[in-house]
Amino acid sequence: MDFDRWFYSQSRAVQVLLLIIPVIGWCCECLVRLGVLLRTRSPLHLIVFLLFLFIGWGWILCLLDILYLLVTGRLFLA
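Just so we're clear, the structure is a prediction, and the values are computed from it rather than from any experiment.

1. Remarks on helix H4 (residues 43–55)
Over its 13 residues, H4 extends 18 Å from the first C-alpha to the last, a length consistent with the 18 Å expected when each residue adds 1.5 Å. Inspection of H4 places His45, Val48, Phe49 and Phe52 among the buried residues, and these make up the whole buried set. On an axial view of H4, the arc spanned by its buried residues comes to 100°, and they lie on one face. Exposed side of H4, more than 90 degrees from the buried face: Pro43, Ile47 and Phe54 are the residues found there. Lining the buried residues of H4 we find helix H3 (22–40) and helix H5 (59–72). Residue Ser42 occupies the N-cap position of H4, its side-chain oxygen lying 3.3 Å from the main-chain nitrogen of Leu44.

What counts and what doesn't
- Residues numbered from 1 in each chain as written.
- Predicted model: local features only at pLDDT ≥ 70, side-chain atom pairs only at ≥ 80, totals over all residues.
- Heavy atoms only, no water.
- Helix = DSSP H or I, 4+ residues; strand = E, 2+ residues; numbered from the N terminus.
- Expected span 1.5 Å × (residues − 1).
- Buried < 20%, exposed > 50% of the residue type's maximum accessible area, 1.4 Å probe, protein only.
- Arc of directions from axis to C-beta.
- Contact = heavy atoms within 4.5 Å.
- Polar contact = N/O pair within 3.5 Å; in protein donor to acceptor, adjacent residues only side chain to side chain.

This is the structure we're talking about:
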């Protein structure tokens, strides 16, 4: 699953746009985190994936991801 690589290859504007749209943003975050989890098989990435799967639909975590993406170019803990 290379969705995370595809997501990071997009321009910053497209990444932010994908995260701003409510349902699409949650799906993108989950797919990026799932791609990282399947590639690294790290317990930390499993915990972060489950966290965003169940409570990531809220605006607080999405806003945190957007701000972190704007500053670093990556999603928070992904």
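That covers the picture; the talk isn't over yet.
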